[in-house]
Each structure stands twice: as C-alpha cells, then as structure tokens.
Amino acid sequence: MGGLSIIAAWENSRTIDDTPQPLPGKQFVDVFYQEIPWGRFYDNGLSWKMEERPDAPAFPVADADIHRFLQSLFPETEGDKHQVASLFLSEPRRLMNLLIRPEGDKTVPVRNHIDAESRVARHTTRGLFVGTMVPPTASDTQDFDPHPAEPKLSGMQPKAPVFIDRQGNVNFSSERDPFTLLMKFNYDQRGSKAGLPVLEWAAQQVSRYAGIETPDTALMVDGDGSRAALLSERFDVPCGQDSRWLFAMDGAALMGLPTSDKYKANPIQLWRRMDEIARQSKGMSDDDRQKMAEQFFDRFALAWAMADGDLHAKNVSVLFTCDPSAPSPKSIKSTPWKMTLSPAYDTVCTRAIPGFGDDRMALKINGKDDGLSLSAWEKFGGQIGIKDAGNRVACLSEKVALGFAAFATVHPAQWGLDGEYAQSVSRLLDRAATVTRERARYMGVHLDALPQVSINEVMESRMEGLALNTGNQDQEEPIRGKSEVDDMR
Ligand SMILES: Nc1ncnc2c1ncn2[C@@H]1O[C@H](COP(=O)(O)OP(=O)(O)OP(=O)(O)O)[C@@H](O)[C@H]1O
Ligand SMILES: [Mg+2]
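Note that the structure is predicted; figures quoted are calculated from it, not measured. (Residues numbered from 1 in each chain as written. Chains lettered and ligands numbered in written order. Predicted model: local features only at pLDDT ≥ 70, side-chain atom pairs only at ≥ 80, totals over all residues.)

If you had to explain the environment of Pro-258 to someone new, which residues and values would you point to?
Within the secondary structure, Pro-258 sits in the loop between α6 (251-254) and α7 (267-279). Taking the C-alpha atoms as reference points, Pro-258 and Phe-69, separated by 189 residues in sequence, lie 9.0 Å from one another. (Helix = DSSP H or I, 4+ residues; strand = E, 2+ residues; numbered from the N terminus.)

Structure follows, in structure tokens:
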C-alpha cells in the first residue's frame, strides 16, 4: 500500500457517508471571499449552485463540484461533519479563504493578509523561528466547544491555524483573527513519528534548494529542546500590495473525488482535468500551460527523488489567481482565473520514518508505484508534454540527495534540539540522506563523484521572486557540522 499506510488503512476503515447532500428546499447560505461578500449558494434540486454578486468574479468551481470542493476543505478526522449542506445551514464556517454562514448569521468575516512584519521570513534566522509563541489560553486547552467559525484545516497530521502579530508572536487563530500560517506539530517525543516536523522542514528546504517552489517555512523549537513544530506560510494569502484573489484547490477536489479516495487518483487523469480547466481560463497562454505541466511533472519527480510515499491527491494543489477589478465573464466556457501549480507542501522522505523503509509512491505512475526507471519517467513526461523528463528527474534526484547529505552533517543541537528528541531527529536525517543517496544512484547519479554541498548553501537557497530582504541574513552565523559541535561540548 502506498503512502503512510497505517493512516490510510485507518482512514479506509471509517464509514463516512460523504454522499453529497442537496441543500433542502430553497435555502441559501452566504459566501464571503475573505472579508468581501461573494454571493450565495443555493440548491436547484439537482446540485448546489453559486449565485455571485454582479460585481464579483465567477466562482472558480463548477456547480457540480461545489460539494466535493467544500468537503475537501474539512479536517479528515471530522468525518461526521462531511454532511456539509446541513452543516452550513446551521453553523458558520471559515474554510481557508471562505466564510460560509447561514442566512442571517452575524459572524464577522476576516481578512487574511500578510505584510512585511507578519511574514514568517521576517522572524526567521537560519531557518529557525526567532519570535515567541503566545501560550494557548484556557479556552484553547480546556474541553469546551470552540466557535464553529474558528478556521479549520484539512489533513491528518495535528496542526493549527496561526498568525504572527505586530510583536512577532505566533498566536492561534480564533474566529476573529487572520489565519496566515499552518503550524504542524506532531508532538510525539518518542515513537516512530518523533521528529517528523523537523524532517518535513528539512524536506522543504531541500525541495527549494532543488529548484522547487515551496512556501516560506520556519522551525519552531521548544525552549527545552524537547520538541519542535513546523510553521508553513500560506501560499493562498496575498502579501503586501497584492490585490489579487487567491484560491487553492487540491487534486482530489479537482477530480471530484471524495477525500477517502485520495490514494486512488490517477496522475494522468488529474493532469488532463487541470489542463482542461486551464484551457477554459481567459488569462492562460500556451506558455503558462507548459509551465504548469513542468511544475506538475516536477512535483511527482520530487516525491520520487525524495522517497516520499505520501504524494496523494490532496498533497498536490493548484492555485487560482484573479484580478477582481477585471471584467468577469460568467460563462462556464471561460473563467477569469489563472492557474498555476501551488508551491510544494507536505513533502517528507517517508522512507526515513521507522517502519516505512519500503514505502512506495502514493499514486501510481503508469501503473507502477516503485522501481520507476528514467524511461518510466520519460514516458510519464511524454504524456503531459515534457520533453526533457529524464534529465529533470535525474537533476532533482541529485539536488535532493546533496541537500539531505548536507542536513545529515548538522548536529540537532545547532537548532536547539536536545535529548531523545535530538537523537530521533538525527536518525531521521541520517536515514533520509542514505535513502535519497540510494535513490539518486538508481537514477544514474553518483554522489561520490560530486562535490559536497554545505548546509549553509542549502539554507540560503531563496526562490527567485520570493526573495525578501528580511534584514536577518546579515546576522546569520553559519551552521556548524556535527564534529565541530562535538568538539565544543
Ligand atoms: N503553506 C500552505 N498554504 C496553503 N495551504 C496549505 C499549505 N500547506 C498545506 N496546505 C493545505 O492544508 C492541507 C493540509 O496540510 P498538509 O498536507 O501539510 O497536512 P497533513 O495533515 O500532513 O496532510 P496528510 O493528510 O497528507 O498527512 C493541504 O492538503 C493543503 O490543502
Ligand atoms: Mg497532506
């Protein structure tokens, strides 16, 4: 079984009735994009429909797919909440950039926006978050019913919606706060998943070093070094002066698949669906579509290079962008939304996790989830219009292996980690270096013949266009290797 098999097996064992339910009668629910009224959903007896306000952009999801899209935004552990229709009629919900509330409900919509002060990079030095975390309030920790419009997140790992305030503190987002970052905090201090946020953080840095766009991330380490969490800045929230509307949609929702089928998608069919939508977009040139094909190919090739067995249909997303001031064609044949693949999130070398040493690709590439040769990648690339597919996957394998080799040279004490947790992290990173080295060799790349890359080179890689002068770089001291740290002890 591909992916994090235990989770998948547990998930499949659940009995969620996620059959889309129509909105009963002629009832409406109000829809906001961030703080702006967008329109309302209603039911025409067959499916949901969106009725946009005259001056608002067309909703980027076809009426027939609205149910699945909304379901895709719910936490997977909230199986019983999948009856979205009846839910929205009784409770307001904030799901990513949408607020959906029953008619007459007074929940105030909130604007999610990132400025120079609230960017995570502004508070990050050498990949580490240097601000503070506002401790959870009594209401965050006590067993009480949270406000239904507190922002919610999809996915299986423990995580929380957060934002950075003017003082540089990370706060949990309540229903009244912006939600600009995800905090992923698998707080297991022992067991096979101990250190997972650090592995994911390293994988994000390595991906960026390999030329793949990723969200800005930072590692947040507890004062006593006993655990860490990953901060991932939302790529679907506008920054600075950007006035575009941003809207992310995952591969399962794009294909109209229920969340429980996220391991069953066929990447080629997903690609065809994306290309079909892109062809209907007013703003997409042939070059834009080719770029999206390359990003899509690279996302799968990255998972292979990284031995990441969890690239299921919810771990690949598209990002729609739209200029709200441009005239909005409401025809279903053309949409004002431009599409790109989203930055790569949820990247993990799953084979490094104890018990997952032979993890396979979560989705099959032309029927195969393991043993994918250069020619298998060339065939896959050919199907979506990529000419240099073999070269692309080999280059990615090289960079990923070099990047993880660099991480394996670091003593986790350099990141403030200590004790058993630091040992788990060290084991995970060593294992990731070994696994990706083997993978590179399988793709014809021999690391012994290449100069080593330093951890500082990997950490310094900043994406073109995302470069941000945080003012922090000058103060950044280089990270030392394991032997240097041992000498100092
Ligand atoms: N930086 C980001 N910006 C915007 N949306 C994000 C970002 N990172 C993740 N997401 C969204 O949140 C969802 C959950 O995040 P993520 O995949 O990291 O969590 P997970 O619990 O590890 O998932 P899984 O169920 O695959 O284990 C993703 O499917 C994606 O839709
Ligand atoms: Mg995920």
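Further notes follow.
So what's going on with the sheet that holds strand β14 (residues 245-250)? Which residues, and what values?
Across the sheet, which stays open at both edges, the 3 strands sit in the order β14-β15-β16 with antiparallel pairing between neighbours. If you trace the sheet from one side to the other, it starts and ends with β14 and β16 (338-341), each paired once. Across this sheet, the average inter-strand angle for adjacent strands is 25°, counted without regard to direction. In terms of strand pairing, β14 meets strand β15 (residues 317-322) through 6 bridges, oriented antiparallel. When the sheet's bridge partners are listed, Ala-248 is paired in β15 with Leu-319. (Pairing = 2+ DSSP bridges. Axes fitted to C-alpha atoms, helices over the stretch in contact; angles between N-to-C directions.)

Any chance you could break down the pairing of β15 for me, citing the residues and the numbers?
Bridge count for β15 against β16 is 4 bridges, and the pairing is antiparallel. The residue bridging Phe-320 from the neighbouring strand is Met-339, located in β16.

Run through the site of ligand 1, naming residues and quoting values.
The local shell around ligand 1 holds 21 residues, among which Gly-155, Met-156, Gln-157, Tyr-345 and Asp-346 are the closest. Counting residues per element, the ones that place at least two in the shell around ligand 1 are β13 (228-233) and β14. Classifying every residue of the shell around ligand 1 by side-chain character gives 7 nonpolar, 6 polar and 8 charged. (Near = placed C-beta within 6 Å. Nonpolar A, V, L, I, M, F, W, Y, C, P; charged D, E, K, R; others polar.)

How would you explain the sheet that holds strand β5 (residues 98-102) if you had to name every residue and give the values?
Spatial ordering of the open sheet is given by β3-β2-β1-β5-β4, a layout of 5 strands whose pairing is antiparallel. Only two strands of the sheet have a single partner each, and these edge strands are β3 (48-52) and β4 (93-95). Looking at each pair of strands side by side, their axes are set apart by 25° on average, direction ignored. In this structure, strand β1 (residues 29-33) lies alongside β5, joined through 5 bridges in antiparallel fashion. Note on β5: the bridge partner recorded for Phe-32 is Leu-99.

Please give an account of helix α11 (residues 419-442) that cites residues and values.
Taking 1.5 Å per residue, 24 residues should reach 34 Å; α11 reaches 35 Å between its end C-alpha atoms and fits that length. Just beyond α11, the residue with positive phi is Gly-444, at close to 90°. (Expected span 1.5 Å × (residues − 1).)

I'd like to hear about unusual backbone geometry, residue by residue, with values.
Unusually for a residue other than glycine, Gln-34 sits at a positive phi of about 50°. Mapping Gln-34 onto the fold places it in the loop between β1 and β2 (36-43). Not every positive phi belongs to a glycine, and Ala-307 is a case in point at roughly 55°. Topologically, Ala-307 is positioned in the loop between α8 (286-305) and β15. C-beta crowding within 10 Å serves as the criterion here: with 26 such atoms nearby, Ala-307 is assigned to the buried category. (Buried ≥ 20, exposed ≤ 12 C-beta atoms within 10 Å, placed from the backbone.)

Which residues make up the nonpolar core, and what values do they have?
A general tendency of soluble globular proteins is for nonpolar side chains to be buried together. Ranked by internal contacts, the top residues of the largest apolar core, which has 136 residues, are Leu-199, Leu-219, Cys-349 and Phe-404. Looking at this core element by element, the count peaks at 11 residues for helix α10 (residues 389-408). Excluding its chain neighbours within four sequence positions, the residues that come into contact with Phe-404 are Val-206, Cys-349, Ala-432, Ala-433 and Thr-436. (Core = buried A, V, L, I, M, F, W, Y, C linked by C-beta atoms within 7 Å. Contact = placed C-beta atoms within 7 Å.)

Could you give me a rundown of the packing of helix α5 (residues 196-209) against α10, with the residues and numbers involved?
Between α5 and α10, whose axes approach to 9 Å, the crossing angle comes to 135°. The angle between α5 and α10 falls in the class oblique. Here α5 and α10 pass one another in a crossing that is right-handed. Residue-level inspection shows Ala-202, Val-206 and Tyr-209 of α5 in contact with α10, the latter providing Lys-399, Val-400, Gly-403, Phe-404 and Phe-407. Looking at the contact of α5 with α10 residue by residue, the class counts come to 6 nonpolar, 1 polar and 1 charged. (Parallel < 35°, antiparallel > 145°, perpendicular 65-115°, else oblique. Left-handed = near helix turned anticlockwise from the far one by under 90°.)

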